[in-house]
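Descriptive analysis of the structure
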Amino acid sequence: MSLEEYKAKRDFGKTPEPAGKTVGGEGARFVVQRHQASHLHFDFRLEVDGVLKSWAVPKGPPLDPGIRRLAVQVEDHPVDYIDFAGEIPEGEYGAGTVEIWDRGTYELQKRESDRFEFSLRGDRLSGDYALVHTRDKNWILLKRSPKPQVTWRKS
Ligand code: MN
């Protein structure tokens, strides 16, 4: 995984964001940052392969099953971005206010090139979610319904 695109967009002499480095190991944390930039959006990030896989979700992650939210994949971010909150100065990439909206851990259930399934354990988000690739950088973030309980009954 590479942070080239992340680094190319930013001047670390001007923005308080972490310059970052990739780290080894499989982490299992996620964060959602509310980012009041030119357009309000929520940045959804999963720690995978030593970076934060990242998606911008304009309407925010769904809290209930059955709601599908557009999630636009953006460049991988360094893992230390998981703690970032603050002001990105005017004129810099993503200028505006970043707040941590939710954070926690996740359990990966399925990982394919066009589909991630995982269970989130955060303060605001919990339960089973999926990210499904549609086209280009567009994905759909959705909350999956709990699996129906199978019960055996004598006939
Ligand atoms: Mn953002």
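Remember, it's a predicted structure, so these values are computed and weren't measured experimentally.

Within the protein one finds one helix and nine strands. Walking the protein from its N terminus toward its C terminus, one meets helices and strands in the order α-β-β-β-β-β-β-β-β-β. For the protein, with 155 residues in total, the buried portion stands at 43%. The long-range share in the protein, meaning contacts at least 24 apart out of those at least 6 apart in sequence, stands at 50%. Of the roughly 8,800 Å² that the protein leaves accessible, carbon and sulfur atoms contribute 49%. Side-chain charges of the protein comprise 25 positive and 25 negative groups, with the mean position of each set lying 8 Å from the other.

So, about the coordination of the manganese ion. For the manganese ion, the full set of protein donor atoms is His35 (ND1), His41 (NE2) and Asp43 (OD), and the range of their distances to it is 2.2 to 2.3 Å. Along the chain, the residues that donate to the manganese ion are spaced as H-x5-H-x1-D. Across this residue pair, the class does not change: His35 and Asp43 are buried.

What follows concerns the pairing of strand S4 (residues 68–78). In the sheet, strand S3 (residues 51–57) pairs with S4 via five bridges, with the strands oriented antiparallel. Pairing of Trp55 across the sheet is with Gln73, part of S4.

In this model, the largest pocket occupies a volume close to 240 Å³. Along the walls of the largest pocket sit 15 residues, with His35, His41, Asp43, Val74 and Tyr93 positioned nearest its centre. Those elements that provide at least two residues to the lining of the largest pocket are strand S2 (40–48) and S4. By residue class, the composition of the lining of the largest pocket is six nonpolar, four polar and five charged.

The topology assignment puts Leu52 in strand S3. The buried category is assigned to Leu52, whose relative accessible area is 0%. Sequence spacing of Leu52 and Val32 is 20 residues, and the spatial spacing of their C-alpha atoms is 11 Å. When neighbours within four sequence positions are excluded, Leu52 is seen to be in contact with Arg45, Leu46, Glu47, Asp76, His77, Pro78, Val79, Tyr81 and Ile82.

Our focus in this paragraph is the side chain of Arg144. For Arg144, the location among the structural elements is in the segment after strand S9 (138–143). Judged by its relative accessible area of 14%, Arg144 is buried. At a separation of 3.4 Å, a polar atom in the side chain of Arg144 contacts the side chain of Glu117. A distance of 3.5 Å separates the side chain of Arg144 from the backbone oxygen of Phe118, its partner in a polar contact. Residues contacting Arg144, with those up to four places away along its chain left out, are Pro65, Gln109, Glu117, Phe118, Asp128, Tyr129 and Ala130.

Next up on the list: the side chain of Arg10. Along the chain, Arg10 turns up in the loop between helix H1 (4–8) and strand S1 (29–36). What makes Arg10 buried here is its relative accessible area of 10%. For Arg10, the side chain forms a polar contact with the side chain of Glu75, separated by 3.0 Å. One polar contact links Arg10 to His77, side chain to side chain, over a distance of 3.3 Å.

Parameters at a glance
Note that residues are indexed from 1 along each chain, following the sequence as it is written. pLDDT decides what is reported in this predicted model: residues at 70 or higher carry local features, side-chain atom pairs at 80 or more are listed and counted, and totals for whole chains, interfaces and linings draw on all residues regardless. To get the side-chain values, take all heavy atoms of the structure and skip hydrogens and water. Each helix is a run of DSSP H or I of at least 4 residues and each strand a run of E of at least 2, with the numbering of both proceeding from the N terminus. Using a 1.4 Å probe on the protein chains alone, a residue whose accessible area is under 20% of its type maximum counts as buried, one over 50% counts as exposed, and one in between counts as partly exposed. Only heavy atoms matter for contacts: two residues are in contact if any of them lie within 4.5 Å across the pair. Surface accessibility in these figures is a Shrake-Rupley result with a 1.4 Å probe; residues are shielded only by whichever protein chains are displayed. The positive count covers Lys and Arg only, the negative count covers Asp and Glu only, and His and the chain ends enter neither. Every charge is mapped to an atom, namely NZ of Lys, CZ of Arg, CG of Asp or CD of Glu. Only nitrogen, oxygen and sulfur atoms qualify as donors, provided they sit within 2.8 Å of the metal or within 3.2 Å for Na, K and Ca; with water excluded from the atoms, sites may seem incomplete. When DSSP finds at least two bridges between two strands, those strands are taken to pair. The rule is simple: put a 1 Å grid over the protein atoms alone, call a set of points where a 1.4 Å probe fits but cannot get out a cavity, call an open set with protein on both sides within 12 Å along at least five of seven lines a pocket, and count a residue as lining if it has an atom within 4 Å of a point. Grid points are joined across faces, edges and corners, and a volume is the space filled by probe spheres set on the points. Amino acids outside the nonpolar list (Ala, Val, Leu, Ile, Met, Phe, Trp, Tyr, Cys, Pro) and the charged list (Asp, Glu, Lys, Arg) are all regarded as polar, and Gly is one of them. Between N or O atoms, a polar contact is any pair within 3.5 Å; within protein, one atom must be a potential hydrogen donor and the other a potential acceptor, and residues adjacent in sequence are included only when both atoms are from side chains.

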